[in-house]
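The primary structure of each chain is shown beneath.
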Amino acid sequence: MFWALNHMTTPQLDMGAFLDLAAGLGCQGIELRNDLKRPLFDGKSPTEAKRDIAARGLRLVGLSQVYPFNAWSPAIAEEVQRLIRIATEVGAETISLIPRNDGTMSAMEAAAGLTAALSGIKPMLEAAGMTALVEPLGFERSSLRLKSDLVAALDAIGGPYKLVHDTFHHTLAHGGPLYPERTGIVHVSAVVDPALALNEMEDAHRVLVFQDDRLDNIGQLGA
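Being a predicted model, the structure only gives us computed values, none of them experimental.

**Q** Sorry, what's going on with the overall build of the protein chain here?
**A** Counting its regular elements, the protein chain contains seven helices and seven strands. In terms of overall size, the protein chain behaves like a compact globule, its C-alpha atoms giving a radius of gyration of 17 Å where 223 residues would be expected to give roughly 17 Å. When its C-alpha atoms are laid out on the principal axes, the protein chain stretches across 45 × 45 × 30 Å. In the protein chain, which comprises 223 residues, the share counted as buried stands at 45%. Within the protein chain, residue pairs in contact and separated by at least 24 positions form 68% of the contacts whose partners lie at least 6 positions apart. For the protein chain, the computed accessible surface area is about 10,800 Å², with 56% contributed by carbon and sulfur atoms. Charged side chains in the protein chain number 19 positive and 27 negative. The centres of these two groups are separated by 5 Å.

Below you can see the structure in the form of structure tokens.
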């Protein structure tokens, strides 16, 4: 096991300061994101970003994200191909795929979209030698809540895919199988507000893990 820092934990830091923080904390890797409402790599080229990451002795374990990947269309296919290209140039080990999370997909649409997307993305990944991390979101409105549904689809389709185990989303989805052998990365965060019901928890409530963590991070990591 090794530790990485996700840029979402400190979104106000520019990439250089974020890299310095990760290295200073003794992390082995980082996960960078394209959803921080500013240019990816803070406007640096992938080649420049790759150099800066290597200079701190860090691995770029993930580049996130394509959303909503399972609303499969030619436009989403182009987004995936573009992220794979950037990930290859910057030396990222994986890309992340995030399912639609607005309650607009029926169960039938969600199942069909998942199959179509995984099937369509598979040859892109294989051609690039890239792995994609797929993250089920535990919200009730999510089009892909359960890891078991994802694993069933992957068993049928195959390909260079791994699961994201997110301790927040795992709790919101009421637990279930862990699939450690299928997991590529674990996202760790906590919710400490005692007034929130499980179905009221949102991303804005996520914080670092403190003693009054309600998500049983220690138990999940131990398992």
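After that view, the rundown keeps rolling.
**Q** Any chance you could explain the sheet that holds strand β2 (residues 29-33) here in plain terms?
**A** The strands that make up a sheet pair up through hydrogen bonds in the backbone, lying either parallel or antiparallel. The strand order across the open sheet built from seven strands is β1-β2-β3-β4-β5-β6-β7, with neighbouring strands paired in parallel fashion. The open sheet has two free edges, formed respectively by β1 (4-6) and β7 (183-187), since each of these has just one partner strand. Between one strand and the next, the sheet's axes are offset by a mean angle of 25 degrees, whatever the strand orientation. The pairing of strand β4 (residues 94-97) with strand β5 (residues 131-134) spans four bridges and is classified as parallel. Counted as the bridge partner of isoleucine 95 is alanine 132 from β5. Contacting β3 (59-66) and β4, helix α3 (residues 74-90) runs over the sheet at an angle of about 165 degrees to β3. Running over the sheet, helix α4 (residues 107-128) touches β4, β5 and β6 (161-166) and is turned about 115 degrees from β6.

**Q** What should I look at first to understand the nonpolar core in this one?
**A** A general trend in soluble globular proteins is that nonpolar side chains are found buried together. Counting 46 residues, the largest nonpolar core has Leu63, Ile95, Leu97 and Leu118 as its most contacted members. The element that contributes the greatest number of residues to this core is α3, accounting for eight residues. Excluding residues that lie within four positions of it along the chain, isoleucine 95 makes contacts with Leu63, Val80, Leu83, Ile84, Ala87, Leu125, Met130, Thr131, Ala132 and Leu133. Residues Ile98, Phe168, Leu196 and Leu215 belong to the second largest nonpolar core, which totals nine residues.

**Q** Explain the packing of helix α2 (residues 46-55) against α3 to me, please; I cannot follow it from the model alone.
**A** Any two packed helices are characterised by how steeply their axes cross, that is the angle between the axes, and by the distance between the axes. Interaxial distance between α2 and α3 falls to 8 Å at its minimum, and their mutual angle equals 45 degrees. If you check the angle between α2 and α3, you find them oblique. Remark: the crossing between α2 and α3 carries right-handed chirality. Within the contact between the two elements, α2 uses Pro46, Ala49, Lys50 and Ile53 and α3 uses Ile86, Glu89 and Val90. The residue inventory of the contact of α2 with α3, partitioned by class, reads five nonpolar, no polar and two charged.

**Q** Which parts of the structure should I look at to understand the pairing of β5?
**A** Successive residues of a regular strand alternate their side chains across the two faces of the sheet. Following the chain from β4 across α4 to the adjacent parallel β5, one finds a crossover that is right-handed. In this structure, β5 lies alongside β6, joined through three bridges in parallel fashion. Counted as the bridge partner of leucine 133 is lysine 162 from β6. Following the chain from β5 across helix α5 (residues 147-157) to the adjacent parallel β6, one finds a crossover that is right-handed.

**Q** Would you mind showing me how to read the packing of aromatic side chains here?
**A** Any aromatic ring pair is given by two values, namely how distant the centres are and how the planes are angled relative to each other. Counted by the stated rule, this structure contains one aromatic pair. An angle of 70 degrees between the planes, with centres 5.8 Å apart, marks the rings of phenylalanine 139 and phenylalanine 168 as edge-to-face. Highlighted residues: phenylalanine 139 in the loop between β5 and α5 and phenylalanine 168 in helix α6 (residues 167-172), separated in sequence by 29 residues. Residue phenylalanine 139 is classed as buried on the basis of its relative accessible area, which comes to 4%. With a relative accessible area of 0%, phenylalanine 168 lands in the buried category. Stacked on the ring of phenylalanine 139, the Lys or Arg arginine 141 has its end atom at 4.2 Å from the ring centre.

**Q** How do you make sense of the pattern of salt bridges when you look at a structure like this?
**A** Pairing between side chains becomes possible if they bear opposite charge and their charged atoms approach one another. Per the counting criterion, the structure on display carries 12 salt bridges. Across the pair arginine 33 and aspartate 35 runs a salt bridge whose closest N-O atoms are separated by 2.9 Å. For aspartate 102, the salt bridge goes to arginine 100, with nearest N and O atoms at 2.9 Å. Taking the relative accessible area as the measure of exposure, arginine 100 reaches 22% and is therefore partly exposed. Several salt bridges share partner residues, and in doing so they unite Lys44, Arg51 and Asp52 into one network.

Cut-offs and rules
- Residues numbered from 1 in each chain as written.
- Predicted model: local features only at pLDDT ≥ 70, side-chain atom pairs only at ≥ 80, totals over all residues.
- Heavy atoms only, no water.
- Helix = DSSP H or I, 4+ residues; strand = E, 2+ residues; numbered from the N terminus.
- Rg over C-alpha atoms; globule rule 2.2 N^0.38 Å.
- Buried < 20%, exposed > 50% of the residue type's maximum accessible area, 1.4 Å probe, protein only.
- Contact = heavy atoms within 4.5 Å.
- Areas by Shrake-Rupley, 256 points an atom, 1.4 Å probe, with all protein chains shown as cover.
- Lys, Arg positive; Asp, Glu negative; His and termini not counted.
- Charge placed at Lys NZ, Arg CZ, Asp CG, Glu CD.
- Pairing = 2+ DSSP bridges.
- Axes fitted to C-alpha atoms, helices over the stretch in contact; angles between N-to-C directions.
- Core = buried A, V, L, I, M, F, W, Y, C linked by side-chain atoms within 4.5 Å.
- Parallel < 35°, antiparallel > 145°, perpendicular 65-115°, else oblique.
- Left-handed = near helix turned anticlockwise from the far one by under 90°.
- Nonpolar A, V, L, I, M, F, W, Y, C, P; charged D, E, K, R; others polar.
- Right-handed = clockwise from strand over helix to strand, strands pointing away.
- Phe/Tyr/Trp six-rings, centres within 6.5 Å; stacked < 30°, edge-to-face > 60°.
- Lys NZ or Arg CZ within 6 Å of the ring centre and 35° of its normal.
- Salt bridge = Lys/Arg side-chain N within 4 Å of Asp/Glu carboxyl O.

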